[in-house]
Amino acid sequence: MKVIKPVSIVLVVGVSLLLFILRPFGFTDKDVPIEIGTATENIFSPDAALAELPYGNAVLAARDISRFDGEEALLRIDLLDQRGTFQAHPLYQAYYFMIMNNIMLRLGRIDDAVAYANQLLDYAKENNMQWVKASALSELAIERTKRGELDIALVYLNESVRISKEINYQGLLIKSYNTLGVISNISGDYAKAQTYLHNGLKLVESNPEHLYYSKIIANLALIYIYLEEWHKALEYIEKSKHIYKNGRWLEPSIMTILLSNESHVYFRLGDAVQARRAYSQADETLVKESSLRLQSIVSNELSNVLYLEQQYEAAIAESNRCLNLVGIQALPLQRGNCYTSKARSEIKLENYFTALHDLDDAIAENNKISNSVSLSGNHKLLSEVHEELGNDIEALQFFKLYYIENKKALFDQRQSELYMLEESFNAENSRNTLALLKTQNDLKDLELERQKLGVRVVFGMIFFVLLSLGYVIRKNATIAKKNERLQCSNTDLVELSTRDALTGLYNRRHFDDYIRGLKQDSAFYHNSNFTLAIMDLDHFKMINDSHGHDVGDLVLIEVAKRFMLNLPSSDLIIRWGGEEFICVIENKDNVSSLQMLKKVWSAITDEPVSTPAGDINITLSIGAVTDIPAVEFMARHTELLKRADERLYKAKHTGRNQIIAID
Ligand SMILES: Nc1nc2c(ncn2[C@@H]2O[C@H](COP(=O)(O)OP(=O)(O)OP(=O)(O)O)[C@@H](O)[C@H]2O)c(=O)[nH]1
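Everything quoted here is computed from the prediction, not taken from an experiment.

## Points about the overall build of the protein
Move 1: When its secondary structure is counted, the protein shows 28 helices and 8 strands.
Move 2: Looking at the 663 residues of the protein, the share that counts as buried comes to 48%.
Move 3: The long-range fraction of contacts in the protein, counting pairs at least 24 apart against all pairs at least 6 apart in sequence, stands at 65%.
Move 4: Accessible area of the protein: about 33,300 Å², with a carbon and sulfur share of 55%.

## A short note on the state of the cysteines
Move 1: The full count for this structure, using the stated rule, is 1 disulfide.
Move 2: Here Cys322 engages in a disulfide with Cys338; their sulfurs sit 2.0 Å apart. The chirality of the disulfide connecting Cys322 with Cys338 is right-handed, given an S-S dihedral of about 55°. Separated by 16 residues along the polypeptide, Cys322 in helix H16 (residues 312–323) and Cys338 in helix H17 (residues 332–348) bring together distant segments of the chain. Summarising the burial analysis for this pair, Cys322 and Cys338 share the class buried.

## Considerations on the site of the ligand
Move 1: Near the ligand, the surroundings consist of 21 residues, among which His539, Phe540, Asn544, Asp553 and Arg656 are the closest.
Move 2: Residue Trp230 places a side-chain N or O atom 3.4 Å away from an oxygen atom belonging to the ligand.
Move 3: Broken down by element, the residue count for the shell around the ligand peaks at 4 residues, all from helix H25 (residues 549–566).
Move 4: Partitioned by chemical class, the residues of the shell around the ligand number 5 nonpolar, 6 polar and 10 charged.

## Let's talk about the pairing of strand S4 (residues 580–586)
Move 1: The element S4 is largely enclosed, with a buried count of 7 among its 7 residues.
Move 2: Burial along S4 is two-sided: the face carrying Glu580, Ile582, Val584 and Glu586 and the face carrying Phe581, Cys583 and Ile585 are both buried.
Move 3: The sheet contact formed by strand S2 (residues 529–537) and S4 spans 7 bridges and is antiparallel. Bridge assignment links Thr531 to a residue of S4, and that residue is Ile585.

## Some thoughts on the packing of aromatic side chains
Here the distance between the centres and the angle between the planes together describe a pair of aromatic rings.
Move 1: Summed over all chains, the structure comprises 18 aromatic pairs.
Move 2: When the centroid spacing of 5.7 Å and the interplanar angle of 65° are considered together, the rings of Tyr96 and Phe97 count as edge-to-face. With respect to class, Tyr96 is no different from Phe97; both count as buried.
Move 3: Chaining the aromatic ring pairs together yields one cluster made of Phe86, Tyr96, Phe97, Tyr116 and Tyr123.
Move 4: Across from the ring centre of Tyr212, 4.3 Å away, lies the NZ or CZ of Lys215, which sits over that ring.
Move 5: Directly above the ring of Trp576 sits Arg508, whose terminal nitrogen or CZ lies 4.3 Å from the centroid.

What counts and what doesn't
- Residues numbered from 1 in each chain as written.
- Predicted model: local features only at pLDDT ≥ 70, side-chain atom pairs only at ≥ 80, totals over all residues.
- Heavy atoms only, no water.
- Helix = DSSP H or I, 4+ residues; strand = E, 2+ residues; numbered from the N terminus.
- Buried < 20%, exposed > 50% of the residue type's maximum accessible area, 1.4 Å probe, protein only.
- Contact = heavy atoms within 4.5 Å.
- Areas by Shrake-Rupley, 256 points an atom, 1.4 Å probe, with all protein chains shown as cover.
- Disulfide = S-S within 2.5 Å.
- Near = heavy atom within 4 Å.
- Polar contact = N/O pair within 3.5 Å; in protein donor to acceptor, adjacent residues only side chain to side chain.
- Nonpolar A, V, L, I, M, F, W, Y, C, P; charged D, E, K, R; others polar.
- Pairing = 2+ DSSP bridges.
- Phe/Tyr/Trp six-rings, centres within 6.5 Å; stacked < 30°, edge-to-face > 60°.
- Lys NZ or Arg CZ within 6 Å of the ring centre and 35° of its normal.

Shown next as structure tokens:
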């Protein structure tokens, strides 16, 4: 006993010392914080500089109010002016012009607003204040954009962006990226629009209080409206509404635009009830000072709702009201839309010559701002009118024009740039997520290493060795489980992002993965031939129009089910968009490719789809390229898709409900 006692003391002292030494290595079970850094150093903020001045906060408060209450802001400016505030410092003076610009916009006095923006620009030049110059240019660019003067707006914006980048004025950059996104949207360059808006979004995410957060999301929604991706558009509109409601900015015009866009999506989906609901809510947000642009947008949506409700005369009256709004001549985008809506109702009332006039006017307005999407819609309507008038040649010419423009916008753009852009955005996101997971795992490995070190050092002391070992084993098991769970959820995420929410089929995102998979297993496929087909339901719009959008959805679900039942599970079926599907069939078992296509086609056309609105007969047009050797398919799938699409076009225009697989 006498021998053991000093040993115990040595042991206790030794262990305490070791524990003390090991403490800085993190031997204790504390989580290591993971830093997700945002580079926020040296961000230029005139607001922060102004807040340092004696009346800075009062001026900032007036600026905030000027965004939603012109009268109240004017009172505050008067009070500050009486104290001689604005002469006391150049910063005050610059803010004075900016606030007055906001107030005039709010009061609908656009010319005065522009005058203040110009005064701001002069003041910036006289006093060599770069950030003020950038702000003034950005404001003037917005005004030019609203008037459809996109070229000048771009010149102003590029200069404003250049200065903002130079001084790292992120607050203004966000606003400018948003305007650049809007301009690209109007010009039909969606890929560019999306790049600008995502640039803005990246900056806004580290600054979620920014006034432009919900505006940027709203403009992303607009891209999806142009691309006719209705569900995605609604998703972004909802997100934007949510951000707006939770933000501290009360700029009612944002809500008006969002609700008008929502109404427009439902109009395009043929859902009169929801379109009317969203329109009424948009109308409620209008105030007497609302700008002419907002008034004409809401008026045009009312005309669209009335059209859906088959009140064509009332719709025409509303379009006429829109076209007679004082000052509308300065807004080609809105004017073009009102003419188009009017023409649509005139066609329904069989006033074909009036419709022709309206469409000419619409085209003239849309040409002023190179609005390719609206122009393509105008050409489609012109083709319909000429068809009704028996002018077959003109009808065909305009239809061709529409088809080419529409396909160019919807097919090429979606196919290549925009889609790739979204892909790379997603890829970047997944890369970031994976990097994060890797960092987490590395940190855990590090922790494990440290624990092992601790175990080695106290190896001689059996009690602690056992304790540490038990700890390490437990920790290992937890980490392994966590990793397993993370891996599963990653796989689920990838699966979800490549599935279409409505039908459960793969969406277009999966196509590239599929081709990549083929290439990886190319040895296995080297003797195979493939058939590539684009399948498009005929007159699907009529189903939506006659029975409602929900019934249209049910039809799409049933059609998807039939595709799946009639294609071997090893073949591919994708919902390419709307009522368009793509399938890739690998020819095997001596069944000819045409036989396979006929089987799929018959599965859709032979039996009507039962819906709560009764049985609905469906017809299907197919454009296909058959017997493609595997090597060619892998190397030239984009070209082959185009060829199939051209054949689909032929099928559509030589009677529909058929398969065309040769030129
Ligand atoms: N119900 C429903 N309709 C959709 C969906 N996606 C697109 N659509 C509608 O599909 C219709 C497609 O119309 P069009 O492109 O004119 O084609 P179509 O009427 O089939 O005419 P053709 O193709 O020329 O035979 C539009 O009315 C879209 O609103 C969806 O997810 N659900």
